[in-house]
Amino acid sequence: MENETVSSDRPAAWQTRAEDYQRAAIAKIPEAWRLDSQYLNDTGPASKRSVLDLPAKCGILSERELDITETYNIVQLVQQLASGSMSSAEVTTAFCKRAAIAQQLTSCLTETFFETALTRAKECDAYLASHRKPLGPLHGLPISLKDSFNVRNVRSTIGFISFLDHDAATDDAALVKILLSLGAVPYVKTNIPQTLMTGDSHNNIFGRCLNPHKLSLTAGGSSGGEGALLAMRGSPIGVGTDIAGSIRIPAYVNGVYGLKPTSRRIPYAGQESPARAGAETFGVLPAAGPLARSVQDIEYFMGSVLKLDTWSVDEGVISIPWRTQPNPSAGKKLRLGFILEDPNYPLHPAVLRTMKTAIAQLEEAGHQLIPLEPDLPSNVLTDAMKVAFFHFAMDPEQTTFGHISRSGEALIPSLSTATMPEMKDFKPQLDDIFRLQNERLRIQRYFRELYTSKALDTILMPTYQATAVPHDTYGLPCYTVLANLLDYPAISMPFLKADKKLDADHIRDVKYVPPYRPDDVEGAPCGFQLVGRPMHDEMLLSNAQIVDDCLRG
């Protein structure tokens, strides 16, 4: 398929470097795993085709490999691996092959290290055979990682041409160390946007990540490669990061689940970052978390990681062990507050239908749904987004853009849509830190008082005002960045799809941002997010399972 980059008529030095790196990346895919040209017809960023069915059709995967990658969730896979019913070598091979197929269709990967992963998988098998017990709760399980996570002897360019000058990582990120100690098998890293701060995972080294549901739509950002790979079933579970929605947005637009934990709950240290050193330690904090195909898989991942002393690998974490929740009683009913929309970002018809359907089904099942907008300041979501984005701009040296100017590479188109007009002439001063922090505390106070006065179990709200949208039109993350500013855990969950016939009844005379074009988004995944109390990630997932069971019957 076309591996799109920002280009000019005469290749510049940065373009030549990018092309050389791309060729080397393609060469790492074994010939036997490469798609026949017939499967690459009508692919690329302008195609309206879905490629979700191609892994099963292309003939590269055996029936056994299709079964491994399509039938089991990770809880079932680790049971099979721990018992020896499946070998890590065969499971890892299956997901390596499927990831290679996904890459050729969606450009979801950055670095692949298939041979290293298969060596690791064989070591897991040998350990099980000799010790008659698994290495840990993730024994032999392949896990994909966002490109920012350092893996020893693998490069972390995070999409910057200037980072091609960097050597391969000499150490593993803190979370990677934990995953290895639990028995996991890292095997690929996944695509991200230039700067890591837009809703389109597109950069000049690895190209544009495409949405496998419809290639003409965005795969989200900044963990877009993870979202696309999970949708293609090229990974059983992956890890991303989130500072404004970067786990939840890709999960949402690709129709999978994604959890942004409370910050500092999951180890974050040891990642490659475009930001100024120290920026990740104050203000709005980033969080690492999983993308998966079920709430159960996310809960298993979190419980496995947080059984360990995470502070031993990351001094920045708050090392609270995972507090496993009892299975909810069959009749447990939730008090769910809901926020329907921000008037500046009205819900597109598919999302409005999805939210109303979810609310109606939950109420019919006996759960209490409490509208929160009457008790919140008007435009609170837009105000929260402004506070967060000014926090993000507090580096007077603009370190991230310095990485871009150093190589002379072009800016990706979506960057122009991912900033607020109010920030055009902003020059941060020390006083701004205090002003912004006070504004943040004010919004946090609103939500704490709302949560406690209404005795809420969780908050239901949109993940985005639209479904996945055409490339370079996603814009600002009004609905997701709230949880980051509050530092609340939040999980994006898939529910329903865009259907122009059903959605027609929900069209309103409002200004849709981005414009609503029903044919462009037909069939795109939809959903919502649940937002929990800080450091109560366990309870959020328990409630999410109740909601998921209710809506999915």
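Quantities reported herein were computed from a predicted structural model and do not represent experimental measurements. Each chain has its residues counted from 1, running along the sequence as written. For this predicted model, a pLDDT threshold of at least 70 governs which residues receive local features, and a threshold of 80 or more governs which side-chain atom pairs are given and counted, while totals over whole chains, interfaces and linings are taken from all residues. The basis for every side-chain value is the complete set of non-hydrogen atoms in the structure, without hydrogens or water.

Draft legend 1. Region of the structure containing the environment of Val317. With respect to the helices and strands, the residue Val317 is situated in the loop between helix H10 (295-305) and strand S9 (335-338). Only protein chains enter the accessibility calculation, which uses a 1.4 Å probe; a residue whose area is less than 20% of its type maximum is buried, one above 50% is exposed, and one in between is partly exposed. On the basis of relative accessible area, Val317 is assigned to the buried category, the value being 8%. In this structure, the C-alpha to C-alpha distance between Val317 and Arg265, residues 52 residues apart in sequence, is 5.9 Å. We call two residues in contact when some of their heavy atoms are within 4.5 Å. Beyond its immediate sequence surroundings of up to four residues, Val317 is in contact with Arg264, Ile266, Pro267, Thr310 and Trp311. Secondary structure elements follow DSSP: runs of H or I of four or more residues count as helices, runs of E of two or more count as strands, with numbering from the N terminus.

Draft legend 2. Spotlight on the packing of helix H3 (residues 63-71) against helix H5 (residues 88-106). With their axes 9 Å apart at the nearest point, H3 and H5 run at an angle of 85° to one another. Judged by the angle between their axes, H3 and H5 are roughly perpendicular. Touching Arg64, Glu65, Leu66, Ile68, Thr69 and Glu70 of H3 are Glu90, Val91, Thr93, Ala94, Phe95, Lys97 and Arg98, all from H5. Whenever a helix is involved, its axis is fitted only over the stretch in contact; in every case the axis is a line through C-alpha atoms, and angles between N-to-C directions fall within 0 to 180 degrees. Roughly parallel covers angles under 35 degrees, roughly antiparallel covers those over 145, roughly perpendicular covers 65 to 115, and oblique covers all other angles.

Draft legend 3. Focus on unusual backbone geometry. Cis rather than trans, the peptide bond between Gly221 and Ser222 has omega equal to 5°. Inspection of the secondary structure assignment puts Ser222 in the loop between strand S5 (207-208) and helix H8 (224-231). Between Val513 and Pro514 the backbone carries a cis peptide bond, its omega angle lying at -5°. Position of Pro514 among the secondary structure elements: in the loop between helix H16 (500-503) and helix H17 (518-521).

Draft legend 4. Highlighting empty space enclosed by the protein. Definitions used throughout: a 1 Å grid over protein atoms alone; a cavity as a set of points that fits a 1.4 Å probe which cannot get out; a pocket as an open set with protein on both sides within 12 Å along at least five of seven lines; a lining residue as one with an atom within 4 Å of a point. Grid points are joined across faces, edges and corners, and a volume is the space filled by probe spheres set on the points. Per the counting criterion, the structure on display carries 3 cavities of 30 Å³ or more. Each pocket or cavity is described by its volume, and for the largest cavity that value is around 130 Å³. Taken together, 15 residues form the lining of the largest cavity, with Met197, Thr198, Gly199, Ala244 and Pro477 sitting closest to its centre. Of the residues in the lining of the largest cavity, the class split is 8 nonpolar, 7 polar and no charged. Of the domains in this structure, domain 1 (22-273 + 283-312) and domain 2 (335-539) are the two that each give at least three residues to the lining of the largest cavity. Taken as a whole, the second largest cavity holds about 70 Å³ of empty space. Residues are grouped as follows: Ala, Val, Leu, Ile, Met, Phe, Trp, Tyr, Cys and Pro are nonpolar; Asp, Glu, Lys and Arg are charged; all remaining types, including Gly, are polar. Source of the domain bounds: an automatic or database domain assignment.

Draft legend 5. Geometry of the UniProt feature "domain: Amidase" (unreviewed entry) in the protein chain. UniProt tags residues 90-541 as "domain: Amidase" (unreviewed entry). Between the C-alpha atoms that bound residues 90-541 there is a distance of 31 Å. The span itself is 33% helix and 13% strand. UniProt positions are given in the numbering used here, feature names are shortened, and annotations may be inferred rather than shown by experiment.

Draft legend 6. Examining the packing of aromatic side chains more closely. The aromatic pairing rule takes the rings of Phe, Tyr and Trp, using the six-membered ring of Trp, and pairs them if the centres are within 6.5 Å, calling planes under 30 degrees apart stacked, those over 60 edge-to-face and the rest tilted. Scanning the model with the defined rule gives 9 aromatic pairs in all. Aromatic side chains Phe390 and Phe426 sit 4.8 Å apart centroid to centroid with 85° between the ring planes, which places their arrangement in the edge-to-face category. Residue Phe390 is found in helix H12 (residues 380-392), and its partner Phe426 is found in the loop between helix H13 (399-407) and helix H14 (430-453); the two are separated by 36 residues along the sequence. Taking the relative accessible area as the measure of exposure, Phe390 reaches 13% and is therefore buried.

Draft legend 7. Looking closely at the layout of surface pockets. As a volume, the second largest pocket reaches approximately 460 Å³. Together, 22 residues line the second largest pocket, and Asn327, Pro328, Ser542, Gln545 and Ile546 are the ones closest to its centre. Elements that contribute at least two residues to the lining of the second largest pocket include exactly H10 and helix H18 (537-552). Examining the composition of the lining of the second largest pocket, we find that 7 residues originate from one element, H18, more than from any other. Split by domain, the lining of the second largest pocket shows at least three residues from each of two domains, domain 1 (22-273 + 283-312) and domain 2 (335-539).

Draft legend 8. Geometry of a nonpolar patch on the surface. What makes a patch is a set of residues exposed beyond 30% relative accessible area and free of salt bridges, joined within 9 Å when like-charged and within 5 Å when nonpolar (Val, Leu, Ile, Met, Phe, Trp, Tyr). Under the convention used here, a 1.4 Å probe and the Shrake-Rupley method define accessible areas, while residue burial counts only the protein chains that appear. By salt bridge we mean one thing: a side-chain nitrogen of Lys or Arg within 4 Å of a carboxyl oxygen of Asp or Glu. Where nonpolar side chains cluster on the molecular surface, the patch consists of Phe282, Leu430, Ile433 and Phe434 and spans about 420 Å² of accessible area. With respect to the helices and strands, the residue Phe434 is situated in helix H14. Looking at Phe434, the relative accessible area reads 54%, which means it is exposed.

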